[in-house]
Structure formats: C-alpha cells, structure tokens
Amino acid sequence: MRVLFVCLGNICRSPTAEGVFRAAVERSEWAGRVEVDSAGCAGYHTGDPPDPRSQQAAKNRGIDLSEQRARQVRPDDFGHFDYILCADFQNLADLEEVRDRYEATGASSKAKLDLFLRQAKIETEEIPDPYYGGPRGFDHVLDLCERASLELLASWAPPTS
Ligand code: 4NP
C-alpha cells in the first residue's frame, strides 16, 4: 500500500500527516507494508525541512519530522500511490488538475484522491492551515491527523499474506 499526503507547502500539514500516519502504521498489523510520503501543491518550499513549529508540536508527542524534506507533487505520483490524501478543498482542486495532466499523457491514475479527513470519515473535512496562526493550530493539526490515521487504518481490510 502506498499513501501520499498533500497540502500547499509541504512544510506543515502534510509532513505532520506523514509522520503521524507512519507511526500509526508501525504500531498496526500494516507495519512494514505501507510506503508513506508527502508533497506540496506548490514548490516554493522544495528541499526545506518541516516548519519548526510543526516539528516541535510533533516532537512533543514523540514523532520526529526532522528528516523530511519538502517536494512538489508530480503527475506520476498518480501512477505510483494507491491513495493521495490532501488537507483542504483547494489542494483537491489543484490535484485534480495534476491528475488531468497525468491522464492527458495516456496514462491512467491508480490513486484514490480525496481529503484525508473525509476518507477517514472524521466529522470535519479540512485540516486548517496553521501557518499564519498560533501554536494551538499545530496541536490541532496533530489531533486531527492522529484520529484520522487510526480511522483510516481501521477501515482497511487486514493485509493479505
Ligand atoms: P502547509 O502550510 O500547506 O500546511 O505546508 C503552508 C506553508 C507555507 C505557506 C502556506 C501554507 N506559505 O505560504 O509559504
């Protein structure tokens, strides 16, 4: 199984989702069987580590984001990942365009594209962007990602073989 998390800059929300989901996978029967990555719709933070505020908030919960580096989403991500899960509706619209570019080459997308929280059936749909807010926004992102990660894993049929 391959899962890609996507937000705008790939320095706050999607790196948090990547780190939280990877930790949840490793505590589950899916351990060692899931490739987890993240990317941004925009490329202006390419190569940057996650925002220090995201790193600190995750570290407070035992999750290390420091090795991650931002990258922009690529059309061929739609041929590689089983799930492409994004933070908000603007990300979703941007990703639909990237998917259209991929399919315009004659390839077919295999990825299930959705909002992360909607796919996990959490009662809210968007992960609010914490970039311009205070530290509580980063904790809220972690709360949502932790709940959604457990719900998403619980919704999958057990791994075979
Ligand atoms: P993210 O947050 O999409 O959760 O990584 C943002 C990071 C950077 C910017 C906007 C949102 N920015 O405008 O630089």
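## So, the nonpolar core
Residues V3, F5, F21, V34, F116, I127 and W156 are the most contacted members of the largest nonpolar core, which totals 35 residues. Among the elements of the structure, β1 (2-7), α1 (13-26), α2 (52-59), β3 (83-86), α5 (116-119) and α6 (135-155) are those that each provide at least two residues to this core. The biggest single contributor to this core is α6, with eight residues. With near-sequence residues (within four places) excluded, I127 lies in contact with R13, A87, F116, L117, V141, L144 and C145. Listed in part, the 16 residues of the second largest apolar core include L4, V73, F78 and L95.

## Quick look at a negative patch on the surface
A cluster of acidic side chains, namely E96, E97, D100 and E103, defines a negative patch on the protein surface. As for its placement among the helices and strands, D100 is situated in helix α4 (residues 89-104). The partly exposed category is assigned to D100, whose relative accessible area is 47%.

## Overview of α4
Helix length check: α4, at 16 residues, gives a terminal C-alpha distance of 23 Å against a target of 22 Å (1.5 Å per residue), a fit within 8%. By the burial criterion, the buried members of α4 are N91, L92, L95, V98 and Y102. Relative to the axis of α4, the buried residues are bounded by an arc of 120° and lie together on one face. Residues E97, R101 and A104 are exposed on α4 and point more than 90 degrees away from its buried face. Note on α4: the residue one or two positions beyond its end, G106, has a positive phi of about 100°.

## Quick word on the site of the ligand
Around the ligand, the surrounding shell consists of C7, L8, G9, N10, I11, C12, R13, Y44, H45, D129, Y131 and Y132. Measuring from an oxygen atom of the ligand, one finds a backbone N or O atom of I11 at 3.0 Å. Measuring from an oxygen atom of the ligand, one finds a backbone N or O atom of C12 at 2.9 Å. In isolation the ligand has 350 Å² of accessible area, and contact with the protein removes 92% of it. Each residue belonging to the shell around the ligand can be placed in one class, and the counts come to seven nonpolar, three polar and two charged.

Rules and cut-offs
- By convention here, each chain's residues receive numbers from 1 onward along its written sequence.
- Where totals are concerned, whole chains, interfaces and linings use all residues; where local detail is concerned, this predicted model gives features only for residues with pLDDT of at least 70, and gives and counts side-chain atom pairs only at 80 or more.
- Here the side-chain values reflect all heavy atoms present in the structure, with hydrogen atoms and water set aside.
- What makes a nonpolar core is a set of buried Ala, Val, Leu, Ile, Met, Phe, Trp, Tyr and Cys residues whose side-chain atoms join them at distances within 4.5 Å.
- Exposure classes here rest on a 1.4 Å probe applied to the protein chains alone. A residue is buried below 20% of its type maximum, exposed above 50%, and partly exposed in between.
- Helix numbers and strand numbers start at the N terminus; a helix is a DSSP run of H or I with at least 4 residues, a strand a run of E with at least 2.
- Here, two residues are considered to be in contact whenever any of their heavy atoms come within 4.5 Å of each other.
- Patch membership needs two things, relative accessible area over 30% and no salt bridge, and members are linked within 9 Å if like-charged or within 5 Å if nonpolar (Val, Leu, Ile, Met, Phe, Trp, Tyr).
- Calculation of accessible area relied on Shrake-Rupley with a 1.4 Å probe; when residues are assessed, cover is drawn exclusively from the protein chains displayed.
- Here, a salt bridge means any side-chain nitrogen of Lys or Arg that lies within 4 Å of a carboxyl oxygen of Asp or Glu.
- In this tally, Asp and Glu contribute negative charge and Lys and Arg positive charge; neither His nor the terminal groups of the chain are included.
- By convention, the charge on Lys lies at NZ, on Arg at CZ, on Asp at CG and on Glu at CD.
- Helix span is expected to be 1.5 Å times the residue number reduced by one.
- Relevant arc is that of directions from the helix axis to the C-beta atoms, nothing else.
- Any residue with at least one heavy atom within 4 Å of a molecule or strand is counted as near it.
- We call two N or O atoms a polar contact when they sit within 3.5 Å, provided that within protein one can donate a hydrogen and the other can accept it, with sequence-adjacent residues counted only if both atoms are side-chain atoms.
- Polarity classes work like this: nonpolar for Ala, Val, Leu, Ile, Met, Phe, Trp, Tyr, Cys and Pro, charged for Asp, Glu, Lys and Arg, and polar for all others, with Gly in that last group.

That's the geometry; what it means functionally is another story.
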